[in-house]
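Summary of structural features
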Amino acid sequence: MKNNVSALIVGVVFAVGLAVSGMTQPSKVIGFLDVFGNWDPSLMFVMIGAIFVHFISFRLIVKREVPWFSENWHIPNRKDVTPALVWGGVIFGFGWGLGGYCPGPAVTSLASLQTRPLIFVASLVAGMLIFRVVDKKVKFKK
């Protein structure tokens, strides 16, 4: 139960941070990606802030023997770059650039009750379901 409560609290903090920084607005993402036009660097500052907080807090948190809400750590240890990783990044980038939404801000934007985030999230879920079917048949290297 405490895992679910902590996940809810972290999710709410993340959503509030996205909303306060304006990152739920696709125009911010598109403005950031428009480096040769009307460039908006605000997304870069949000990313730098997030990286800074993670850089400091991660080092403090992993000094604990076990995490607060689990019996063991779940830290990825793979560092290899696979074709699936590269292609996934390319597809993600196209979706991000064309839609103006990253998955987190898109889910947060559902609270606006606007059609655009609803269509984006529905498409995101459809893509995840299609991947499950394709992955079972193709067996991407993991």
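As shown above, the structure is provided for reference.
The shown structure was predicted, so the numbers you read here are calculated from the model rather than taken from an experiment.

**Structural notes on the side chain of T24**
- Position of T24 among the secondary structure elements: in the loop between α1 (2-21) and α2 (26-33).
- The class of T24 is buried, set by a relative accessible area of 18%.
- Excluding anything up to four places from it in sequence, T24 contacts L18, A19, Y101, P105, T108 and S109.

**What to know about the packing of aromatic side chains**
- Taken as a whole and judged by the stated rule, the model has three aromatic pairs.
- With a centroid separation of 5.3 Å and an interplanar angle of 50°, the aromatic rings of Y101 and F120 are classed as tilted. Of this pair, Y101 sits in the loop between α4 (83-99) and α5 (103-109) while F120 sits in helix α6 (residues 115-138), and the two are 19 residues apart along the sequence. Taken individually, Y101 and F120 each receive the classification buried, so the pair is uniform in this respect.

**Describing unusual backbone geometry**
- Residue L113 is not a glycine yet carries a positive backbone phi of 60°.
- Note on placement: L113 falls in the loop between α5 and α6.
- What makes L113 exposed here is its relative accessible area of 79%.

Rules used throughout
Residues numbered from 1 in each chain as written. Predicted model: local features only at pLDDT ≥ 70, side-chain atom pairs only at ≥ 80, totals over all residues. Heavy atoms only, no water. Helix = DSSP H or I, 4+ residues; strand = E, 2+ residues; numbered from the N terminus. Buried < 20%, exposed > 50% of the residue type's maximum accessible area, 1.4 Å probe, protein only. Contact = heavy atoms within 4.5 Å. Phe/Tyr/Trp six-rings, centres within 6.5 Å; stacked < 30°, edge-to-face > 60°.

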